[in-house]
2 protein chains.
Amino acid sequence: MNLQRFSTSKVIQDRQKLVILGTGWGGYSVLKNIDKKKYDVIVVSPRNHFLFTPLLASTTVGTLEFRSIIQPVRESRFRDATHFHLSHATNLDLDNKILHCHSVLNPELKYTINYDKLVIAVGALSNTFGVPGVEEHAFFLKEVLDARKIRNRILTNFELAVGPKIEESESKRLLHTVIVGGGPTGVEFGAELYDFVQQDVAKLYKEQQKAVTVTLVESDRILASFDSRLRSHAENKLRARERFTLIQSSVTEVFKDSVKLKDGTILPCGLVVWSTGLAPRWFTQNLKVAKNTRGQILTDSYLQVLEDKSGSVYALGDCADIADVPLPCTAQVAERQGRYLTDVLNGKKDSKIPFEFKNMGMLAYIGSYEALTDTPDVKLQGFTSWLLWRSAYLTRLGSWRLRMQVPMDWLKTLMFGRDISRFD
Amino acid sequence: MNLQRFSTSKVIQDRQKLVILGTGWGGYSVLKNIDKKKYDVIVVSPRNHFLFTPLLASTTVGTLEFRSIIQPVRESRFRDATHFHLSHATNLDLDNKILHCHSVLNPELKYTINYDKLVIAVGALSNTFGVPGVEEHAFFLKEVLDARKIRNRILTNFELAVGPKIEESESKRLLHTVIVGGGPTGVEFGAELYDFVQQDVAKLYKEQQKAVTVTLVESDRILASFDSRLRSHAENKLRARERFTLIQSSVTEVFKDSVKLKDGTILPCGLVVWSTGLAPRWFTQNLKVAKNTRGQILTDSYLQVLEDKSGSVYALGDCADIADVPLPCTAQVAERQGRYLTDVLNGKKDSKIPFEFKNMGMLAYIGSYEALTDTPDVKLQGFTSWLLWRSAYLTRLGSWRLRMQVPMDWLKTLMFGRDISRFD
Ligand SMILES: Cc1cc2nc3c(=O)[nH]c(=O)nc-3n(C[C@H](O)[C@H](O)[C@H](O)COP(=O)(O)OP(=O)(O)OC[C@H]3O[C@@H](n4cnc5c(N)ncnc54)[C@H](O)[C@@H]3O)c2cc1C
Ligand SMILES: Cc1cc2nc3c(=O)[nH]c(=O)nc-3n(C[C@H](O)[C@H](O)[C@H](O)COP(=O)(O)OP(=O)(O)OC[C@H]3O[C@@H](n4cnc5c(N)ncnc54)[C@H](O)[C@@H]3O)c2cc1C
């Protein structure tokens with residue numbers, strides 16, 4: 001360890017400099033819980049807010065509004081405003097404890113910051129598996145901006161489909177959505193779209209409702225991580241839906257107005273939502289440390305990056321994995337890891353106790369007031385499970401601002417329907 | 001009148017075809033009140049929602065959210081979805097009663113529709129007075145998208161201003177906003193910005209608050225249409241504000257990062273909001289009918305376009321003016337005209353009674369819980385007037401969805417501050 005610099009910083013402010021990369025589930029959890037009297041905290045992230053991802057799919061059709069599920073990370077508790085950097089971390093010099101950053105807003109601004117301790121929680125990207133056309137034509141569902149683009153595209157497609165002089169085949173294409181990937185995100189997006197079509201399109205675009213179709217393309221089984229009985233239930237429910245098709249295949253190319261399946265079939269469509277797992281971000285790829293086959297940074301069970309000899313660099317959430325105990329890439333894991341780490345850093349927990357993950361279970365919304373609850377003790381489907389789904393998320397929303405607005409949005413959607421205003 | 005076609009349409013559906021251009025105060029007022037059993041209504045507008053303009057300034061800083069003040073025009077009452085066209089009206093053939101349209105979403109789609117009756121309510125544009133650089137670099141405040149752009153720019157400027165390695169002069173430039181035009185819109189935007197700086201920037205960007213400056217450039221007096229005592233009160237209040245400057249001059253050029261005044265002074269700034277009156281839209285300019293010097297379509301006091309011999313074309317709101325009784329360009333006028341016209345068209349009002357405008361007064365918010373109320377009977381300033389301002393708008397919001405959400409937004413702003421998440 002660079003004792004010289006360490007002692008200097010001690011003299012100046014008697015606080016170690018803790019740098020957090022990312023403001024997602026992992027990073028935000030560290031930021032919220034870290035003892036700001038003990039650490040001089042600096043956050044580096046390309047977004048200045050936390051996003052409650054489990055409800056992101058609901059914003060694509062307006063069940064919830066975008067700003068109802070995000071929380072600014074700047075707070076009056078920050079000593080001064082320069083403690084948050086709207087930047088990407090681009091590179092890391094472990095030996096000299098120097099982080100390279102690149103400003104999001106000013107492309108010319110590249111700079112470095114040093115740290116005493118570093119928490120890497122940069123998350124992951126959607127995996128395109130190198131399929132041609134995905135980057136250009138498909139929509140991801142990771143950030144609020146992604147959700148807004150999807151919502152805008154859906155509303156645009158509806159407006160185009162009812163426009164004058166439209167040919168029937170073109171109208172059908174516009175109203176056909178292809179979802180690639182049958183994980184929770186793909187299924188929940190499909191569920192929200194279904195509700196939108198049943199509840200709002202039925203009233204507002206009347207005849208067009210019959211022309212709306214959805215295809216879910218999954219190479220394996222949908223909701224693979226769920227209990228098999230729940231998964232079968234979901235599959236049956238989905239298959240029973242009119243104008244919904246579940247295809248076991250994979251997409252080999254995405255075009256402007258269609259996708260191509262493995263067997264060569266071309267499916268004309270107006271929207272492709274791509275959600276097929278994770279790939280490492282550029283920063284993670286760039287990092288010269290031990291990684292697993294999926295490109296995740298390997299840590300020990302204290303969340304310390306294996307190859308960092310200084311013992312001051314931690315990695316958690318989607319960008320990392322514990323070498324001996326592989327963990328699922330979920331909000332739950334990232335959030336718990338953040339809390340574990342702050343307990344250790346704050347001195348509240350013995351640093352010899354390793355991180356242990358107790359799975360609290362999974363929830364997934366499948367549409368028309370039905371959800372799946374898959375916990376070690378309880379396996380539940382249907383309306384009760386949906387109530388559980390809603391209340392679970394409500395209590396876990398990180399702030400009162402969100403806890404007030406989310407039920408308000410739900411109520412408005414129920415009473416007045418979703419807002420189909422298009423202004424993008 | 002083209003009796004032939006009229007009688008045909010009678011036979012087919014026993015309803016006259018009423019085409020409404022625009023979904024602003026005028027057009028939406030006609031749409032809401034027209035008897036849909038009597039008329040086959042078709043709406044042509046480049047936006048599929050109504051916008052409550054008096055609260056638009058509040059959305060630029062997040063006091064209110066964008067979707068809290070817009071209302072979709074599609075409703076289940078529409079017989080089918082093709083009755084709304086997301087298009088610009090581009091031209092009009094009065095003799096043959098044919099309207100030319102251009103789709104917003106499909107640039108290749110140009111088409112015509114015929115009408116029995118036509119209501120022109122296309123509003124107006126912001127007037128740039130041909131000042132160079134305005135279109136490219138200044139921000140208008142007319143539509144929700146404009147407000148979103150302003151909000152994004154403000155949040156971007158703050159993030160840049162606290163970024164690493166920033167020079168003090170650059171930081172000061174970024175935090176300097178120039179408002180051009182001292183009408184109600186300019187003043188209210190300034191008021192919202194002021195509240196944001198006092199209430200939120202103070203907490204979240206701490207030191208930067210001192211660097212925030214606002215300059216309001218107005219060639220005449222501010223709030224010229226208001227009672228002189230109220231106007232003076234507002235002027236004094238504004239002038240007393242720290243870091244606020246009121247300049248009596250005009251802007252002769254707008255650059256990427258500054259504006260130039262008449263006397264050659266260059267004011268470096270990070271945002272220019274342009275609000276200096278109205279100019280006719282392209283459709284209005286293109287129309288070959290009698291207009292006043294400001295380019296507004298002239299009508300008689302029954303709102304019938306003077307030069308239309310068929311007696312079936314009406315014009316109202318910002319795009320029109322009554323020949324003998326010039327009216328202010330306000331939401332109030334447009335809304336009343338819409339109601340007057342539907343009363344006549346629905347047969348509820350004798351078509352011999354001309355439109356008459358009784359001014360109910362004006363309101364303007366000037367910041368820190370103070371507003372001006374200027375009615376024929378009451379002239380009020382201060383906090384009470386602010387309460388009046390809020391409740392007046394609340395009751396006039398056109399739907400329960402908005403009437404629920406707007407107070408919720410106000411409450412959230414009060415309790416938690418404004419959302420400074422930047423994701424654009
Ligand atoms: C639509 C959707 C629904 C989901 N639903 C659920 C659910 O119901 N339950 C559940 O448990 N999990 C769910 N997940 C998964 C969960 O969101 C992730 O596992 C979780 O977000 C991982 O947390 P993280 O902190 O590792 O990454 P993230 O939350 O993705 O945060 C990464 C952060 O790093 C920032 N960043 C990116 N690049 C850089 C860089 N170069 N430098 C600095 N910062 C950077 C990002 O801006 C972001 O702030 C869902 C995910 C999605 C997309
Ligand atoms: C920020 C702001 C604050 C304001 N505050 C107040 C206030 O407090 N009180 C008050 O009385 N007034 C206020 N006004 C003024 C008021 O909004 C206008 O006078 C009013 O909107 C005029 O109504 P309108 O129907 O003529 O036009 P608009 O409301 O502007 O509506 C015009 C409509 O026509 C559509 N359109 C445009 N081009 C075409 C085309 N080619 N073909 C078809 N449709 C087209 C537009 O999309 C829009 O839907 C404010 C205005 C602004 C911008």
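Cut-offs used in this document
- Residues numbered from 1 in each chain as written.
- Chains lettered and ligands numbered in written order.
- Predicted model: local features only at pLDDT ≥ 70, side-chain atom pairs only at ≥ 80, totals over all residues.
- Heavy atoms only, no water.
- Domains from an automatic or database assignment.
- Contact = heavy atoms within 4.5 Å.
- Buried area = accessible area lost by both parts, 1.4 Å probe.
- Salt bridge = Lys/Arg side-chain N within 4 Å of Asp/Glu carboxyl O.
- Polar contact = N/O pair within 3.5 Å; in protein donor to acceptor, adjacent residues only side chain to side chain.
- Helix = DSSP H or I, 4+ residues; strand = E, 2+ residues; numbered from the N terminus.
- Near = heavy atom within 4 Å.
- Areas by Shrake-Rupley, 256 points an atom, 1.4 Å probe, with all protein chains shown as cover.
- Least-squares fit on C-alpha atoms with pLDDT ≥ 70 in both.
- Pairing = 2+ DSSP bridges.
- Axes fitted to C-alpha atoms, helices over the stretch in contact; angles between N-to-C directions.
- Parallel < 35°, antiparallel > 145°, perpendicular 65-115°, else oblique.
- Left-handed = near helix turned anticlockwise from the far one by under 90°.
- Nonpolar A, V, L, I, M, F, W, Y, C, P; charged D, E, K, R; others polar.
- UniProt positions renumbered as here; feature names shortened; annotations may be inferred.

(A) Highlighting the domain arrangement of chain A. Residues and elements named next belong to chain A. As far as domains go, chain A holds domain 1 (2-126 + 278-346) and domain 2 (134-276 + 361-416). Computed from C-alpha atoms alone, the centre-to-centre distance between domain 1 and domain 2 is 31 Å. Contacts between the two partners involve 30 residues from domain 1, matched on the other side by 30 residues from domain 2. Of the roughly 2900 Å² buried between domain 1 and domain 2, counting both surfaces, carbon and sulfur atoms make up 59%. Taken as a group, Thr60, Val61 and Phe66 account for 21% of the area that domain 1 buries against domain 2, more than any other trio of residues on that side. Taken together, the connections running from domain 1 to domain 2 amount to two salt bridges. For Glu143, the salt bridge is made with Arg47, and the minimal N-O distance between the two is 2.8 Å. At the surface where domain 1 touches domain 2, the tally comes to 11 residue pairs in polar contact (both at pLDDT 80 or more). Where the side of domain 1 that touches domain 2 is concerned, the elements lending two or more residues are strand 3 (49-51), helix 3 (56-59), strand 4 (70-72) and strand 9 (124-126). Considering every element that reaches the side of domain 1 that touches domain 2, the biggest residue donor is helix 3, with four residues.

(B) Up close: the site of ligand 2. Residues and elements named next belong to chain B. Among the 28 residues in the neighbourhood of ligand 2, the closest are listed as Thr23, Gly26, Thr53, Ala89 and Asp318. Between ligand 2 and Ala331, the relevant distance is 3.0 Å, taken from an oxygen atom to a main-chain nitrogen or oxygen of the residue. In this structure, an oxygen atom belonging to ligand 2 sits 3.4 Å away from a main-chain N or O atom of Gln332. Contact with the protein chains removes 90% of the 990 Å² of surface that ligand 2 exposes when unbound. Those elements that place two or more of their residues in the shell around ligand 2 are helix 2 (25-33), strand 2 (39-45), strand 5 (84-93) and helix 10 (331-345).

(C) Molecular detail of the relation of the copies chain B and chain A. Overlaying chain B with chain A gives an RMSD of 0.0 Å, the required rotation being 180 degrees about an axis along which the chain moves by 0.0 Å. The superposition of one copy onto the other is thereby described by a two-fold rotation axis. In terms of proximity to the rotation axis, the leading residue of chain B is Met408 of chain B, whose C-alpha is 4.3 Å off the axis. When the interface residues of chain B are mapped onto chain A, 100% of them again fall at the interface, so both copies present the same face.

(D) Summary view of the sheet that holds strand 10 (residues 176-180) of chain B. Residue and element names in this part refer to chain B. Judged by pairing direction, the sheet is parallel, and its four strands sit side by side in the order 12-11-10-16 without closing on themselves. Of all strands in the sheet, those bounded by a partner on one side alone are strand 12 (244-248) and strand 16 (271-274). The average angle at which neighbouring strand axes cross in this sheet is 15 degrees, direction not considered. Bridge analysis of strand 10 against strand 16 gives four bridges, and the strand direction is parallel. If you follow Val178 over to strand 16, its bridge partner there is Val272. Across the face of the sheet, helix 7 (residues 184-204) comes into contact with strand 10, strand 11 (213-218) and strand 16 while running at roughly 160 degrees to strand 10.

(E) Local environment of the packing of helix 2 of chain B against helix 10 of chain B. Residues and elements named next belong to chain B. At a closest axis distance of 7 Å, the pairing of helix 2 and helix 10 adopts a crossing angle of 30 degrees. With respect to helix 10, the element helix 2 is oriented roughly parallel. The two elements helix 2 and helix 10 cross, and the hand of that crossing is right-handed. The segment helix 2 lies against helix 10, with Trp25, Gly26, Ser29, Val30 and Asn33 engaging Ala331, Ala334, Glu335, Gly338, Arg339, Leu341 and Thr342. Here the residues of the contact of helix 2 with helix 10 sort into five nonpolar, five polar and two charged.

(F) Region of the structure containing the interface of chain B and chain A. Opposite the 56 residues of chain B that make contact, chain A presents 56 residues. For the chain B and chain A pair, buried surface summed over both sides reaches about 5300 Å², with 63% attributable to carbon and sulfur atoms. There are 10 salt bridges connecting chain B and chain A. Glu65 of chain A is the salt-bridge partner of Arg67 of chain B, the closest N and O atoms lying 3.8 Å from each other. Where chain B meets chain A, there are 21 residue pairs in polar contact (both at pLDDT 80 or more). Sorting the residues of the side of chain B that touches chain A by element identifies strand 4 (70-72), strand 5, strand 7 (110-114), helix 5 (144-161), helix 7 and helix 12 (400-416) of chain B as the ones contributing at least two each. If one sorts the elements of the side of chain B that touches chain A by residue count, helix 12 of chain B sits on top with 10 residues. Here the side of chain B that touches chain A is built from residues that sort into 25 nonpolar, 11 polar and 20 charged.

(G) Looking closely at the UniProt feature "domain: FAD/NAD(P)-binding" (unreviewed entry) in chain A. Listed under "domain: FAD/NAD(P)-binding" (unreviewed entry) in the UniProt record, and renumbered for this structure, are residues 17-338 of chain A. The distance separating the terminal C-alpha atoms of residues 17-338 of chain A is 17 Å; by composition the span is 28% helix and 28% strand.

(H) Layout of the sheet that holds strand 13 (residues 251-254) of chain B. Residue and element names in this part refer to chain B. Taken in spatial order, the three strands of this open sheet run 13-14-15, and their pairing is antiparallel. Every other strand in the sheet has two partners, leaving strand 13 and strand 15 (266-268) as the edge strands with one partner each. Each strand of the sheet is rotated relative to its neighbour by a mean of 25 degrees, with strand direction disregarded. When strand 14 (residues 258-261) meets strand 15, the two strands line up antiparallel, connected through three bridges. Looking at the pairing, Ser258 lines up with Pro268 of strand 15.

(I) Structural view of the packing of helix 5 (residues 144-161) of chain A against helix 7 (residues 184-204) of chain A. Residues and elements named next belong to chain A. Running from N to C, helix 5 and helix 7 cross one another at 40 degrees; their axes reach a closest spacing of 13 Å. By the angle between their directions, the pair helix 5 and helix 7 is classed as oblique. When the axes of helix 5 and helix 7 are compared, the crossing they make is right-handed. The residues of helix 7 that touch helix 5, namely those facing Ile150, Ile154, Leu155 and Phe158, are Phe189, Leu193, Phe196 and Val201. Of the residues in the contact of helix 5 with helix 7, the class split is eight nonpolar, no polar and no charged.

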